[in-house]
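Listed below are the residues making up each chain.
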Amino acid sequence: TLFEQLGGEAAVTAVTTQFYANIQADATVSNFFNGINMADQTNKTASFLCAALGGPKAWGGRNLKEVHANMGITNDQFTTVIGHLRSALTSAGVAADLVEQTVAVAETVRGDVVTA
Ligand code: HEM
């Protein structure tokens, strides 16, 4: 699975931590996370991604369409955030083809997250 190829839960969590660091350093998308506990956010998104990448534990959290419903996230903002995931994977030394396969999995939630 992609989960195994990336190096399992620890590797996915490390990438997710860098993903949110990149987001928080980008004023075009950082405001969405004002007042959000980023340690919790990192753990939730890492758990979601582990499951989506074929890891052994099912996602036990909320439905992503309901979670993001009232945020007004645009397609361009989503694309920006995907770019921050791509950078996090690349800076962790993940091979380019595996980066793109992982990004493709994250892209599957675009329709649930984008509402504007
Ligand atoms: C929750 C923003 C994309 C997965 C949240 C929350 C915010 C947010 C602010 C916190 C909601 C709350 O606790 O009140 C955004 C923005 C995105 C984006 C601005 C893109 C522009 C994504 C993507 C994924 C994702 C691509 C998955 C790959 C999650 C998960 C939660 C969450 C798993 C927590 C759900 C739960 O509480 O069970 N998002 N998100 N988000 N987001 Fe996103």
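About the criteria used
- Position labels on residues start from 1 in each chain and follow its written sequence.
- Local features in a predicted model are, by the rule used here, given only for residues with pLDDT of at least 70; side-chain atom pairs are given and counted only at 80 or more, and totals for whole chains, interfaces and linings are based on all residues.
- Here the side-chain values reflect all heavy atoms present in the structure, with hydrogen atoms and water set aside.
- A single heavy atom is enough: if one lies within 4 Å of a molecule or strand, its residue is considered near that molecule or strand.
- As used in this structure description, the phrase polar contact means that two N or O atoms lie within 3.5 Å; if the pair is within protein, one of them must be able to donate a hydrogen and the other to accept it, and residues adjacent in sequence are counted only when both atoms belong to side chains.
- Secondary structure counts use DSSP, requiring at least four H or I residues in a row for a helix and at least two E residues in a row for a strand, with both numbered from the N terminus.
- For Na, K and Ca the donor cut-off is 3.2 Å, while for other metals it is 2.8 Å, and in both cases only N, O and S atoms qualify; water is not among them, so sites may look incomplete.
- Any carboxyl oxygen of Asp or Glu that lies within 4 Å of a side-chain nitrogen of Lys or Arg is treated as forming a salt bridge with it.
- Relative accessibility under 20% of the residue-type maximum defines a buried residue, over 50% an exposed one, and the middle range a partly exposed one, all with a 1.4 Å probe and only protein chains included.

*Asks:* In this structure, what is going on with the site of the ligand? I would like to understand it.
*Replies:* Near the ligand you find 21 residues, and of these Phe32, Phe33, Gln41, Arg62 and His68 are the closest. A distance of 3.0 Å separates an oxygen atom of the ligand from a polar atom in the backbone of arginine 62. Mapped by element, the contributors of at least two residues to the shell around the ligand are helix H3 (38-52), helix H4 (64-68) and helix H5 (75-91). When residues in the shell around the ligand are grouped by element, the largest group, 5 residues, is from H3.

*Asks:* How should the coordination of the iron atom of the ligand be read in this particular structure?
*Replies:* Angles between donor atoms at a metal ideally measure 109.5 degrees for a four-coordinate tetrahedral arrangement and either 90 or 180 degrees for a six-coordinate octahedral one. Protein coordination of the iron atom of the ligand rests on one atom only, His68 (NE2), at 2.1 Å. You can see histidine 68 is positioned in helix H4.

*Asks:* What is the right way to read the pattern of salt bridges from this model?
*Replies:* Once the charged atoms of two side chains with opposite charge are near each other, the side chains can pair. Counted by the stated rule, this structure contains 3 salt bridges. One salt bridge in this structure joins glutamate 9 and lysine 57, with 3.2 Å as the shortest N-O distance. With glutamate 9 in helix H2 (residues 8-24) and lysine 57 in the loop between H3 and H4, the pair connects residues that are 48 residues apart, well separated along the chain. A relative accessible area of 42% places glutamate 9 in the partly exposed class. By relative accessible area, which is 56% here, lysine 57 ends up exposed. Residue arginine 110 pairs with glutamate 107 through a salt bridge whose shortest N-O separation is 2.8 Å.

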